[in-house]
Amino acid sequence: MAFVRTKGLQGYITGDSPVPWLAPLVAMLVVFTIYPLFYNIWLSFHEYVPLKRRLVYVGTENWSNLFADPRFWEALSVTFTYFFVLLAIQVVLGMIIALLLDSDEPGFGLLRGLLTLTLVIPPAITGMMFLLMEDPEFGVLTYILEAMGILSGQDPILATSSTALAGVMLADIWQWTPFMVLIFLAGLRSLPQEPYEAAMLDGASAFQTFRRITLPMMSKVIAVAVLIRGIDLFRAFDYMFVMTSGGPGTSTYTLSLYAWQQTFSFIKWGYGATISLVSLVLILVIANLFIWIAKVRW
Amino acid sequence: MAEVAYHNICKSYGSFEVMRDLSLSIHDGEFAVLLGASGCGKTTLLRMTAGLENITGGELTIDGKVMNEVHPRDRDIAMVFQNYALYPTMKVFDNIAFSLEVKRLSKEEIKRKVNEAAAVLNLTDYLDRYPRELSGGQRQRVAMGRAMVRDAKVFLFDEPLSNLDAKLRAHMRVEIRQLHERLKATTIYVTHDQIEAMTMADKIVLMKGGKIEQVGTPDDLYDRPATKFTADFIGSPSMNFVEGKIHSQDGKPTFVGPHINLPLDENLAAEPGQKVICGLRPSDLVAAENGEISGTVKLVEKTGADVNIHVDLSETAHLVATMARDNGVLAGGSIELTIPSKAVHLFDADTENRIETQS
Ligand SMILES: Nc1ncnc2c1ncn2[C@@H]1O[C@H](COP(=O)(O)OP(=O)(O)O)[C@@H](O)[C@H]1O
Ligand SMILES: [Mg+2]
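Residues numbered from 1 in each chain as written. Chains lettered and ligands numbered in written order. Predicted model: local features only at pLDDT ≥ 70, side-chain atom pairs only at ≥ 80, totals over all residues. Heavy atoms only, no water.

Caption draft 1: Seen up close, the coordination of the magnesium ion (ligand 2). The protein atoms that coordinate the magnesium ion (ligand 2) are B:T43 (OG1) and B:Q82 (OE1), at distances of 1.9 to 2.3 Å. A residue pair is termed long-range when its members are at least 10 positions apart, and B:T43 in helix 1 (residues 42-50) and B:Q82 in the loop between strand 6 (77-80) and helix 2 (92-102) qualify at 39 residues. (Donors = N, O, S within 2.8 Å, 3.2 Å for Na, K, Ca; no water. Helix = DSSP H or I, 4+ residues; strand = E, 2+ residues; numbered from the N terminus.)

Quick look at the structure:
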């Protein structure tokens, strides 16, 4: 038995055709990505009817409902706010921290190593941590923000619609800024040193050097980081699921959360699929637009 | 105004000592050439001057002010790097313009200066390219351009012509000298090419293993090399060296070696019996009947206008003599050569130092 299998494997490996090499990947792609995608599209034209216990064709009803649904537009607006604000904060903060940590002095290697710590915590746990820290009664963040006069004593952070989204964002910033820092540091540490020497002799200030030398040389690295993080941010789910369930009102309701709720709480599979599809299309458009705009030239 | 002075400069990388107690001063407006074989510490000395490398010991002063701890930005030095160090993300124009932009010059003035430099450097057609789209020689010229638009106190050039072809190199030698005549800025120019040094320098600093071997004008080094090393390094083809002894003949000092019997200048500070090395420049040797030097012609090498005649004096002693072509010398024949006694260089065989003429 054993050598028969070896023979088969050998024929498989030494063959000239690329098909056997691609087949496993293509099979996985079909099973896990292509089929679900088309099923999702098919689903968006159907709806589950609990009484009949099966899916019924409803035409474009899901789509017309969606665009008339004020909650969808609110979720879209929350998603975009979350996406742009956090992307900006995490890129800028990540770059500042990376620049500060880019040093060969003793101790900095350890600091860089510590950055990975937040990344190994499951986001749901991080959500729980921040839920506790932002607790109106005993939360340490509540206490600090009140002491600094940023927060008045009456309004609980996560239960006030004007502050709830910011409260959720804090968790995301804490957990994912180090990811940016790590990518930026990897980039910074691989930059050639000669241009910096030349810039010094050319009389450039630290800021001029950063703007004209570092930033352009880092553009590819920044683009990759923005792309990865941007896609993540667009499907934000965990933190609001754990911390606010989308509330108060719709102030932390993202598209993903809305799709989840429609699909699994209200058993509206077709409508949930429609929301997911819109998310997917938006991510594709934004990502490709970004790649096109950020096409790194040098 | 800028006088660059090195006082007992030492440099080590960890426990590896590159330079010890190097002292040198370069006057305001002087064009000094650091000459030496690869690895002798030329780049290190330049980088210390620019502030890109720490000085392990000693003092660097510019106009009398100690510079050891002054930031490179504040030294007002322009440098052409051996490895070019271009800005990879900037086009050629911006590479050259960057230092002017930093100084907030007007757009028109920047454009004028960059175009001027580009014209001199034959880079006008390449201003719109990125460094990675250029050949080695073109990159080197961009690096030159970056320095040329500066009006710094001190200019440092680290082998700026090494990657150019012979014709362009000769052209650039002239351009750099003219730039210097115009700016009158103190210049330190590094090369391992003695012809560059001879043609361009006001002052040559010949280095060997992190030490200064000899400092002087090109003529000083060519006419009165202080050591056998200098004599060997300067001049092409290199000086011939023949070992022998000083004899006294008719009260006159004479160098005696294999098939050589050369009367010497009476005022030479050499003792009879002293073991010496006799240095003879190929271009000083002349064919003559009854010459003091005799041997067999091994090879006649053409170089264009001249020929190099390789002569065997003995099993171990050889000479090269440079002569005009069409001189009738054929390989395999015997030849007799002479040399004016003024043109003979003598070095002590042990110390390899020059034996001077006392006047
Ligand atoms: N960063 C460095 N670390 C250790 N050794 C170095 C370093 N840079 C140069 N050296 C050594 O110092 C010596 C002088 O180098 P360099 O100044 O570059 O020589 P040159 O420019 O005359 O060819 C060489 O032996 C070289 O190996
Ligand atoms: Mg060098």
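Caption draft 2: Structural detail: the layout of surface pockets. Residue and element names in this part refer to chain A. Roughly 420 Å³ of volume is contained in the second largest pocket. What lines the second largest pocket is a set of 18 residues, and nearest its centre among them are N40, R235, S256, S276 and S279. If you list the elements that add at least two residues to the lining of the second largest pocket, you get helix 2 (19-43), helix 12 (255-265) and helix 13 (269-293). Element by element, the count of residues in the lining of the second largest pocket is highest for helix 13, at eight residues. For the lining of the second largest pocket, the residue count by class is eleven nonpolar, six polar and one charged. (1 Å grid on protein atoms, 1.4 Å probe; cavity = no way out; pocket = protein on both sides within 12 Å on 5 of 7 lines; lining within 4 Å. Points joined across faces, edges and corners; volume = space filled by probe spheres on them. Nonpolar A, V, L, I, M, F, W, Y, C, P; charged D, E, K, R; others polar.)

Caption draft 3: Focus on the packing of aromatic side chains. Taken as a whole and judged by the stated rule, the model has 25 aromatic pairs over all chains. Relative to A:F234, the ring of A:F83 has its centre 5.7 Å away and its plane inclined at 80°; by these criteria the two rings are edge-to-face. Highlighted residues: A:F83 in helix 4 (residues 70-101) and A:F234 in helix 10 (residues 206-234), separated in sequence by 151 residues. Pairwise contacts between aromatic rings join A:F45, A:W63, A:F67, A:F72 and A:W73 into one cluster. The residue whose ring lies beneath B:K228 is B:F241, and the NZ or CZ to ring-centre distance is 5.1 Å. Here B:R281 stacks its cationic end above the ring of B:Y222, 4.0 Å away from the centre of that ring. (Phe/Tyr/Trp six-rings, centres within 6.5 Å; stacked < 30°, edge-to-face > 60°. Lys NZ or Arg CZ within 6 Å of the ring centre and 35° of its normal.)

Caption draft 4: Quick peek at the site of ligand 1. All names here are of chain B. Neighbouring residues of ligand 1: Y13, F16, V18, A37, S38, G39, C40, G41, K42, T43 and T44. Between ligand 1 and Y13 there is a distance of 3.3 Å, counted from a nitrogen atom to a side-chain nitrogen or oxygen. Backbone polar atom of G39 to an oxygen atom of ligand 1: 2.6 Å apart, as the coordinates give it. Considered on its own, ligand 1 offers 560 Å² of accessible surface; in the complex 61% of this is hidden by protein. At the level of secondary structure, the elements contributing two or more residues to the shell around ligand 1 comprise strand 2 (16-26) and helix 1. For the shell around ligand 1, the element with the most residues is helix 1, which contributes three residues. Classifying every residue of the shell around ligand 1 by side-chain character gives five nonpolar, five polar and one charged. (Near = heavy atom within 4 Å. Polar contact = N/O pair within 3.5 Å; in protein donor to acceptor, adjacent residues only side chain to side chain. Areas by Shrake-Rupley, 256 points an atom, 1.4 Å probe, with all protein chains shown as cover.)

Caption draft 5: Fine view of the sheet that holds strand 10 (residues 211-216) of chain B. All names here are of chain B. Taken together, the six strands give an open sheet; going across it, the order is 6-7-8-3-9-10, and neighbouring strands pair in mixed fashion. Every interior strand has two partners, whereas the edge strands, strand 6 and strand 10, have only one. Direction aside, neighbouring strands of the sheet carry axes that sit 15° apart on average. Direction of pairing for strand 7 (residues 154-158) relative to strand 8 (residues 186-191): parallel, over a ladder of five bridges. Following the sheet pairing, D158 is matched in strand 8 by V190. Relative to the sheet, helix 1 contacts strand 3 (31-35), strand 6, strand 7, strand 8 and strand 9 (203-208), its axis offset from that of strand 7 by approximately 150°. Contacts between helix 4 (residues 136-148) and the sheet are confined to strand 6 and strand 7, with strand 6 contributing the most and set at about 170° to the helix. (Pairing = 2+ DSSP bridges. Axes fitted to C-alpha atoms, helices over the stretch in contact; angles between N-to-C directions. Contact = heavy atoms within 4.5 Å.)

Caption draft 6: Geometry of the packing of helix 9 (residues 194-201) of chain A against helix 10 of chain A. All names here are of chain A. As a packed pair, helix 9 and helix 10 sit with axes 11 Å apart at the nearest point and diverge in direction by 165°. Judged by the angle between their axes, helix 9 and helix 10 are roughly antiparallel. Relative to helix 10, helix 9 is oriented so that their crossing is right-handed. Packed against helix 9, whose contacting residues are P195, Y196 and A199, the element helix 10 presents T209, I213, T214 and M217 at the interface. (Parallel < 35°, antiparallel > 145°, perpendicular 65-115°, else oblique. Left-handed = near helix turned anticlockwise from the far one by under 90°.)

Caption draft 7: Spatial organisation of the sheet that holds strand 2 of chain B. Residue and element names in this part refer to chain B. If you walk across this open sheet you meet the four strands as 2-1-4-5, and the pairing is antiparallel. Strands at the two margins of the open sheet, each flanked by one partner only, are strand 2 and strand 5 (65-66). Examined bridge by bridge, strand 1 (residues 4-13) and strand 4 (residues 57-62) share five bridges and lie antiparallel to one another. Bridge assignment links A5 to a residue of strand 4, and that residue is T61. The sheet strands contacting helix 1 are strand 1, strand 2 and strand 4, and the helix crosses strand 1 at an angle near 115°.

Caption draft 8: Expanded view of the domain arrangement of chain B. All names here are of chain B. Each assigned domain of chain B is listed with its residue range as follows: domain 1 (4-226) and domain 2 (237-348). Of note, the centres of domain 1 and domain 2, computed from C-alpha atoms alone, are 39 Å apart. Across the boundary between the two partners, domain 1 contributes four residues, which contact five residues of domain 2. Summed over both partners, the interface of domain 1 with domain 2 comes to about 330 Å²; 53% of that surface belongs to carbon and sulfur atoms. (Domains from an automatic or database assignment. Buried area = accessible area lost by both parts, 1.4 Å probe.)

Caption draft 9: Main features of the environment of B:E59. All names here are of chain B. Mapped onto the elements, E59 comes out in strand 4. Residues E59 and L22 lie 37 residues apart in sequence; the distance between their C-alpha atoms is 9.9 Å. When residues no more than four places from it in sequence are discounted, the contact partners of E59 are A5, Y6, H7, I9, V66 and N68.

Caption draft 10: Structural view of the state of the cysteines. Enumeration according to the criterion identifies zero disulfides over all chains in this entry. There is no disulfide at B:C10, and the cysteine sulfur nearest it, in B:C40, is 16 Å away. (Disulfide = S-S within 2.5 Å.)

Caption draft 11: View of the pattern of salt bridges. Residues and elements named next belong to chain A. Across all of its chains, the model carries 26 salt bridges over all chains by this definition. Two residues, R229 and D172, come together in a salt bridge whose shortest N-O distance is 3.1 Å. Of this pair, R229 sits in helix 10 while D172 sits in helix 8 (residues 164-189); the two residues are 57 residues apart in sequence, bridging distant segments of the chain. Assigned by exposure class, R229 and D172 land together as buried. (Salt bridge = Lys/Arg side-chain N within 4 Å of Asp/Glu carboxyl O. Buried < 20%, exposed > 50% of the residue type's maximum accessible area, 1.4 Å probe, protein only.)

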